[in-house]
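Here's the letter readout for the chains.
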Amino acid sequence: MEARWRKKSAVLFAECLAWMEAQFQALGKGADARGLAVHLPSATQGVSVPAHTFHDPTMIDIEAARLKQWIRAL
């Protein structure tokens, strides 16, 4: 049963990643699109660890603002 859930999770993540990659392609990022697509969920998921550890949701707000700036700068 565990393997089945892993496959389903992988499909969901792959679909999200493909969508994000397509968005970066649409922004004209070409060969960088895949790496940029990987970076985005990595940053959002990564900030959740310290935010939960320190019970500080403002960390998420700060990272979200940085990511918005980053995307706008692309």
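Shown above is the structure to which this text applies.
Everything numeric in this text was worked out from a predicted model, so none of it was measured.

K.L.:
Mind showing me how you'd approach the packing of helix H2 (residues 33–53) against helix H3 (residues 58–73) here?
P.N.:
Two measures define how a pair of helices packs: the angle their axes make with one another and the distance between the axes. One way to put it is that H2 packs onto H3 with a least axis distance of 9 Å and a crossing angle of 165°. Looking at the two axes, H2 sits roughly antiparallel to H3. Here H2 and H3 pass one another in a crossing that is right-handed. Taking contact as the criterion, the partners of Leu-36, His-39, Leu-40, Ala-43, Thr-44, Val-47, Pro-50 and Ala-51 in H2 are, on H3, Met-59, Ile-60, Glu-63, Leu-67, Trp-70 and Ile-71. In the contact of H2 with H3, the residues fall into 11 nonpolar, 2 polar and 1 charged.

What counts and what doesn't
Residues numbered from 1 in each chain as written. Predicted model: local features only at pLDDT ≥ 70, side-chain atom pairs only at ≥ 80, totals over all residues. Heavy atoms only, no water. Axes fitted to C-alpha atoms, helices over the stretch in contact; angles between N-to-C directions. Helix = DSSP H or I, 4+ residues; strand = E, 2+ residues; numbered from the N terminus. Parallel < 35°, antiparallel > 145°, perpendicular 65-115°, else oblique. Left-handed = near helix turned anticlockwise from the far one by under 90°. Contact = heavy atoms within 4.5 Å. Nonpolar A, V, L, I, M, F, W, Y, C, P; charged D, E, K, R; others polar.

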